[in-house]
Amino acid sequence: MPQGGSNSQFYMERLPTDIGSVGAFAMGELNEKHLAPKTELIRDAARAQPKPYEDMWRFLSMCLPENLRHIHPSRWKKLIQISADDAVSLTWAPSPEVITALLEISSSDDRVEFLEAHRDEIQADVITSLDKVAHPHLKDAVRLLRAAVRASGSGHFEAAQALAANVLETLMTSHGNSWVRQAFPEFRPSGSGHYRTLIEVLTSDMEWRHRSVDDLVRFLVVVGLGDVFGPDDVQLTFNRHLAAHRASEYSYQPHFALSALLLTHGLLRALDADMTPPEQRALPWGW
């Protein structure tokens, strides 16, 4: 990989221009597994009789994390590209207002500046969101990530980055790798490490017509992690290995700490949703 580069060029071209136009993305949710909690939505949609495409998206958006329900499907490719290029997770936090503004910023440097200017608000969003993580196997990770947010809020970004990165590493080892493989079972990574697992999924041809909204959210979580465990000697985005094995003023940065918080939070929420039995979920992603 080029120094400070991103893997996004390898897989962004494989995404459809308009995510919402993909057949199974629109229809994949309409199956027996997910119909039960949505019957009222279906009845309301039938009574309203809006345009089919708009109605379908309005219906499916209820399955998305709350902070992403307002995003038009034509903007999802931009959302995924930002996540990949900036090494952030935008699922469940930040707020819809921050997400909307972020989508209008074209430069990665400008996005970093914008996120830094809204750090306090974003960290508050993460804390609020962590209240919804209920699985007992994730409680320690939640407690430690809260401590990392507090450290960041107190101005100790190095401590926040180190702690969040270690929580992320632990989550990937204990649950994350197996979760990625289960989420995308058609891919068989040739190695067992985090980087190999993530990159081989992200650089494979994705059959989006066989995918659902749930899978799109999972992909959005995974795509931000693509470079986090990479082997580069220099990187312009958060890299857990550089911070752990080549600690320096270059591998510890305030915006790396915020990335680490958001990435770990996004993985935690996704793991919690998928580890929760379907019968205990109000909707597929456990709202």
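For the structure itself, look to the data block above.
Rules of the game
Residues numbered from 1 in each chain as written. Predicted model: local features only at pLDDT ≥ 70, side-chain atom pairs only at ≥ 80, totals over all residues. Heavy atoms only, no water. Helix = DSSP H or I, 4+ residues; strand = E, 2+ residues; numbered from the N terminus. Buried < 20%, exposed > 50% of the residue type's maximum accessible area, 1.4 Å probe, protein only. Contact = heavy atoms within 4.5 Å. Areas by Shrake-Rupley, 256 points an atom, 1.4 Å probe, with all protein chains shown as cover. Polar contact = N/O pair within 3.5 Å; in protein donor to acceptor, adjacent residues only side chain to side chain. Salt bridge = Lys/Arg side-chain N within 4 Å of Asp/Glu carboxyl O.

K.L.:
Even after reading the chapter, I still don't get the overall build of the protein, so can you show me in this structure?
P.N.:
Each helix and strand in the protein was counted, giving 15 helices and zero strands. Across the 287 residues in the protein, those meeting the buried criterion constitute 53%. Across the protein, every contact between residues at least 6 apart in sequence was considered, and the portion connecting residues at least 24 apart equals 69%. Just so you have it, the protein exposes about 12800 Å², and 53% of that area is on carbon and sulfur atoms.

K.L.:
Where do I start with the side chain of S89 in this structure?
P.N.:
With respect to the secondary-structure elements, S89 resides in the loop between α6 (76-86) and α7 (96-103). For S89, the side chain forms a polar contact with the side chain of T91, separated by 2.9 Å. Setting aside residues no more than four positions away along its own chain, S89 makes contact with P94, L262, L263 and G266.

K.L.:
Help me understand the pattern of salt bridges, please; the structure alone is not making it clear to me.
P.N.:
Side chains that differ in charge, positive against negative, can pair when their charged atoms come close. Following the criterion strictly, the structure yields ten salt bridges and no others. For R146, the salt bridge is made with D131, and the minimal N-O distance between the two is 2.2 Å. Of this pair, R146 sits in helix α10 (residues 139-153) while D131 sits in the loop between α9 (119-130) and α10; the two residues are 15 residues apart in sequence, bridging distant segments of the chain. Notably, a salt bridge pairs D233 with R246, separated by 3.0 Å at the nearest N-O pair.

K.L.:
Explain the environment of R150 here, please?
P.N.:
Inspection of the secondary structure assignment puts R150 in helix α10. For R150, a relative accessible area of 53% gives the class exposed. Along the backbone, R150 and Q123 are 27 residues apart, and their C-alpha atoms lie at a distance of 8.6 Å.

K.L.:
Which parts of the structure should I look at to understand unusual backbone geometry?
P.N.:
Most of the time, phi is negative for any residue but glycine, and the peptide bond is trans. Along the chain, A93 connects to P94 via a cis peptide bond; the corresponding omega equals 5 degrees. Position of P94 among the secondary structure elements: in the loop between α6 and α7. In this structure, A87 is a non-glycine residue whose phi angle is positive, near 55 degrees. Along the polypeptide, A87 turns up in the loop between α6 and α7. Taking relative accessible area as the criterion, A87 reaches 1% and is therefore assigned buried.

K.L.:
Before we go on, may I ask you to explain helix α12 (residues 194-202) in this structure?
P.N.:
Residue pairs spaced three or four apart in an α-helix point in one direction, given the helix's 3.6 residues per turn. Within α12, seven of the nine residues are buried, which leaves the element mostly enclosed by the surrounding structure. Restricting attention to buried positions, one finds in α12 the residues H194, T197, L198, I199, E200, V201 and L202.

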